[in-house]
Amino acid sequence: MSQPDVGTWRTQVGQWLATVLEPVREREPTGEAAGLAVFHNLSDGEERLLLERCRAYQRARFDAGYQALTLPQGNGGAGLSAAHAAAFAQEESAFEVPPSTELISVTVRLVGMAVSLFGTAEQRDTYARAFLRTDLLACQLFSEPGAGSDLAALRTRARQEGDAWVIDGQKVWTSGAQFADHGLLLARTDPDVVKQAGITAFLVPMDDPGVEIRPIRQMSGGASFNEVFLSGVRVPDGMRIGRPGQGWEVANATLAFERTASGGGNRRKGGTFADVLALARSHGRTGDPLVRQRLADLYVRGALRAATVDRVARASAGGGRPGPEASLTKLMASDLLTRTGQTAAELMGARISADTGEPDTFAWTQHLLGAPGYRLAGGTDQIQRNLIAERVLKLPGEPRVDRVPFSELPGN
Ligand SMILES: Cc1cc2nc3c(=O)[nH]c(=O)nc-3n(C[C@H](O)[C@H](O)[C@H](O)COP(=O)(O)OP(=O)(O)OC[C@H]3O[C@@H](n4cnc5c(N)ncnc54)[C@H](O)[C@@H]3O)c2cc1C
């Protein structure tokens, strides 16, 4: 199918956005952490209200045909190019998009996309569509206490009983589980093959009596993520996503979407360069040569990240799946987030740690305490570097000592 001209399409996007969103406003210093926090620190009621605001926008976007832009049409996407997606993001940045939450991003940009790619036609109609429209919310049940960077070592088991699967195990760091309808779960279905080959993906209803969700309180205040315990959870075979044993492929595609979402998204996450500049101005520090150097460094890194996001998007292979280059943008984004907080902290010195009521000073602690989380989420900095070394630069791989059946690995 021929693609619409990007320039004309972009004009239409801008016109549509103006019908559903307000133009971007300059943020007033308020002393509130809302704009600077990397993770929300909200009550359950406040979080639900925020989710509803986000969902209203996502539904409008879906209904107008602007969701899942690069996903092939046959998979329920718009079948457009990376250039169209970049144009949409640029147009969107001129509007007040509802502040995003981890759960919305996971639902639309990770689970919705994965189910669209790997699900059956029926699963796409019933679930992928509902996730992309946020009618249903979905979390990502991947990490376990002994399986984070080494995700393929996961121990949650699913055994087949007739036309159902019975799942037992524990997941951890599950963002938004307490508000999710479903979870995309990875489980070991065959321990007698190498660890990557024996994994299968399932959609698990989070209100099943065998699912127990325990929120984890973070050092920045909120409880964005959870422990999830699964005891004898029965899911019909119709909730299996992909073939038995295809779970590692589903996981890799989902994680590549996650890196793209974390690295390339234009949604606000914590303080920005503009916030640091405003802080330097309000503290009368913009004449200080060292401060000017830090600000220039931050600005240049932001511009480099934006250019890399654009380049990676344009270079990404067809078929709607991001390539390993997404690790570059994820790494640059988490580095920028950290440096933004550090520059704010240097500007304020000890004042950042005491709440004097001075606007936008103590609020930066919400950025400083949250930023390290993004160096871990979606694969740590070190793992991104490994991926870049091995899959982008084609350097020799790490030594692998686990190319034996999972059941023969020590401890199993
Ligand atoms: C904010 C946040 C949200 C999250 N949300 C979710 C979610 O919704 N769903 C989900 O499933 N998970 C989620 N996670 C979990 C996340 O994916 C893991 O934290 C991450 O993969 C790291 O795993 P780990 O915490 O077990 O650390 P580990 O894997 O134990 O790593 C510990 C340290 O060792 C280093 N390391 C490990 N292996 C290597 C290696 N081969 N080479 C070099 N260094 C290495 C790591 O870089 C790290 O510094 C979230 C995490 C965070 C912080």
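Residues numbered from 1 in each chain as written. Predicted model: local features only at pLDDT ≥ 70, side-chain atom pairs only at ≥ 80, totals over all residues.

**Remarks on the overall build of the chain**
What the chain contains, in helices and strands, is eleven helices and eight strands. Taking 22 Å as the expected radius of gyration for a compact globule of 412 residues, we find that the chain reaches 22 Å, a close match to that expectation. Dimensions of the chain, computed from C-alpha atoms along their principal axes, come out at roughly 70 × 50 × 50 Å. Within the chain, the proportion of its 412 residues that are buried is 42%. (Helix = DSSP H or I, 4+ residues; strand = E, 2+ residues; numbered from the N terminus. Rg over C-alpha atoms; globule rule 2.2 N^0.38 Å. Buried ≥ 20, exposed ≤ 12 C-beta atoms within 10 Å, placed from the backbone.)

**Observations regarding the nonpolar core**
Ranked by size, the top nonpolar core spans 92 residues in total, and within it A114, I167, F202 and V204 carry the most contacts. Among the elements that make up this core, the one with the highest residue count is helix 4 (residues 102–118) (eleven residues). (Core = buried A, V, L, I, M, F, W, Y, C linked by C-beta atoms within 7 Å.)

**Re the site of the ligand**
As a matter of local geometry, the ligand sits amid 20 residues, with F142, G148, S149, W173 and T380 nearest to it. Within the residue set of the shell around the ligand, elements represented by two or more residues are strand 1 (138–141), strand 3 (164–175) and helix 11 (381–392). Its residues assigned to classes, the shell around the ligand shows eight nonpolar, eleven polar and one charged. For the shell around the ligand, the domains that each give at least three residues are domain 2 (139–246) and domain 3 (250–392). (Near = placed C-beta within 6 Å. Nonpolar A, V, L, I, M, F, W, Y, C, P; charged D, E, K, R; others polar. Domains from an automatic or database assignment.)

**What to know about the environment of A307**
Assignment of secondary structure puts A307 in helix 8 (residues 289–315). Sequence spacing of A307 and T329 is 22 residues, and the spatial spacing of their C-alpha atoms is 9.7 Å.

**Things to note about the domain arrangement of the chain**
We note that the domain assignment places domain 1 (31–136), domain 2 (139–246) and domain 3 (250–392) within the chain. Each of domain 2 and domain 3 has a C-alpha centre, and the two are 29 Å apart. Of the residues lining the interface, twelve residues belong to domain 2; the matching set on domain 3 comes to eight residues. Within the side of domain 2 that touches domain 3, the residues separate by chemical class into seven nonpolar, five polar and no charged. (Contact = placed C-beta atoms within 7 Å.)

**Considering the environment of M348**
Tracing the backbone through its elements, the reader meets M348 in helix 9 (residues 326–348). Separated by 13 residues in sequence, M348 and T361 place their C-alpha atoms 7.3 Å apart. Ignoring any residue separated from it by four or fewer positions in sequence, one finds M348 in contact with T361 and W364.

**Remarks on the packing of helix 2 (residues 44–63) against helix 4**
Helix 4 packs onto helix 2 with a crossing angle of 30 degrees between their chain directions and a minimal axis gap of 10 Å. When the axes of helix 2 and helix 4 are compared, the pair comes out roughly parallel. Considering the relative orientation of helix 2 and helix 4, their crossing is right-handed. For the pair helix 2 and helix 4, contact is made by L51, C54 and Q58 and by L103, I104 and V108, respectively. Classifying every residue of the contact of helix 2 with helix 4 gives five nonpolar, one polar and no charged. (Axes fitted to C-alpha atoms, helices over the stretch in contact; angles between N-to-C directions. Parallel < 35°, antiparallel > 145°, perpendicular 65-115°, else oblique. Left-handed = near helix turned anticlockwise from the far one by under 90°.)

**What about helix 2?**
Here helix 2 spans 28 Å end to end across 20 residues, near enough to the 28 Å set by a 1.5 Å rise per residue. Of the positions making up helix 2, those classed as buried are E47, C54, Y57, Q58 and R61. Each buried residue of helix 2 lies within a common arc of 100 degrees when the element is viewed along its axis, so the set occupies one face. The outward face of helix 2, more than 90 degrees from its buried face, is lined by the exposed residues G45, R48, L49, E52 and D63. Those residues of helix 2 that are buried lie in contact with helix 1 (6–20) and helix 4. (Expected span 1.5 Å × (residues − 1). Arc of directions from axis to C-beta.)

**Quick look at the pairing of strand 4 (residues 182–188)**
Put simply, side chains in a regular strand alternate between the two faces of the sheet. Counting buried positions along strand 4 gives seven out of seven residues, so the element sits mostly inside the fold. By the alternation rule, side chains of strand 4 split into H182, L184, L186 and R188 and G183, L185 and A187, which are all buried. Across seven bridges, the pairing between strand 4 and strand 5 (residues 199–205) is antiparallel. Within strand 5, the residue paired with R188 across the bridge is I199. (Pairing = 2+ DSSP bridges.)

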